[in-house]
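These are the residues of each chain, in order.
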Amino acid sequence: MSDTPISDSTPHNVADLGMLCRMLERELNAANQIIRQQQLLEEENLRLTAKVAHLYEGAEEQHQRIKRLEEAGDAMDPMNDTECECDSGYVVVCKHCFDRSTNWRKAKETKP
């Protein structure tokens, strides 16, 4: 079998060979355009993959920050140990400490 079946099947006159060259050039240009589009898509895919990885990394950092803030808030909660930190010895929990603790718990539960 020949390695040039298209040109072998074309009559050997100049006009037919010229038309064959034009047809082959159009096919080559179309194939090159498809290859270039594929390369652009692969570059965009790599860029987006890197961006997603960066966003996941940032999300994890923010999650850790939220966790640290919650731990700090829990440590500052005046009713964390169920006793009021005020100097008043008359009540177990004063209104001020109760309100601060309630507000902290509400803020902690409200996550967007």
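The structure displayed is predicted, hence computed values, not measured ones.

Novice: How would you explain the overall build of the protein if you had to name every residue and give the values?
Specialist: Each helix and strand in the protein was counted, giving three helices and zero strands. Ordered by position from N to C terminus, the α and β elements of the protein give α-α-α. Burial statistics for the protein: of 112 residues in total, 10% are counted as buried. When the accessible area of the protein is evaluated, it comes to approximately 9800 Å², of which 59% is carbon and sulfur surface.

Novice: Please provide a residue-by-residue account of a nonpolar patch on the surface, values included.
Specialist: Together, Ile6, Met23 and Leu24 give the surface a local cluster of nonpolar side chains, amounting to about 230 Å² of exposed area. Within the fold, Leu24 resides in helix α2 (residues 14–76). Judged by its relative accessible area of 36%, Leu24 is partly exposed.

Novice: So what's going on with the packing of α2 against helix α3 (residues 95–109)? Residues and values would help.
Specialist: Each pair of packed helices can be summarised by the angle the axes make with each other and by the distance between the axes. The interhelical angle for the contact between α2 and α3, taken along N-to-C directions, is 165°, at an axis separation of 10 Å. Classified by the angle their axes make, α2 and α3 are roughly antiparallel. The hand of the α2/α3 crossing is left-handed. Counting all contacts with α2, which are made through Leu69, Glu70, Gly73, Asp74 and Met76, the residues of α3 involved are Arg100, Trp104 and Lys108. Taken together, the residues of the contact of α2 with α3 break down into three nonpolar, one polar and four charged.

Novice: Would you mind going over the environment of Ser7 in detail, with residue names and values included?
Specialist: Counting through the fold element by element, Ser7 comes out in helix α1 (residues 5–9). Here Ser7 falls in the partly exposed class, since its relative accessible area comes to 27%. It is 9.1 Å that separates the C-alpha atoms of Ser7 and Cys21, two residues lying 14 residues apart in sequence.

Novice: I'd like to hear about α2, residue by residue, with values.
Specialist: For α2, spanning 63 residues, the distance from its first C-alpha to its last is 92 Å, which sits close to the expected 93 Å at 1.5 Å a residue. Among the structural elements, α1 and α3 are those in contact with the buried residues of α2.

Procedures and definitions
Residues numbered from 1 in each chain as written. Predicted model: local features only at pLDDT ≥ 70, side-chain atom pairs only at ≥ 80, totals over all residues. Heavy atoms only, no water. Helix = DSSP H or I, 4+ residues; strand = E, 2+ residues; numbered from the N terminus. Buried < 20%, exposed > 50% of the residue type's maximum accessible area, 1.4 Å probe, protein only. Areas by Shrake-Rupley, 256 points an atom, 1.4 Å probe, with all protein chains shown as cover. Patch = residues over 30% accessible without salt bridge, like charges linked within 9 Å, V, L, I, M, F, W, Y side chains within 5 Å. Salt bridge = Lys/Arg side-chain N within 4 Å of Asp/Glu carboxyl O. Axes fitted to C-alpha atoms, helices over the stretch in contact; angles between N-to-C directions. Parallel < 35°, antiparallel > 145°, perpendicular 65-115°, else oblique. Left-handed = near helix turned anticlockwise from the far one by under 90°. Contact = heavy atoms within 4.5 Å. Nonpolar A, V, L, I, M, F, W, Y, C, P; charged D, E, K, R; others polar. Expected span 1.5 Å × (residues − 1).

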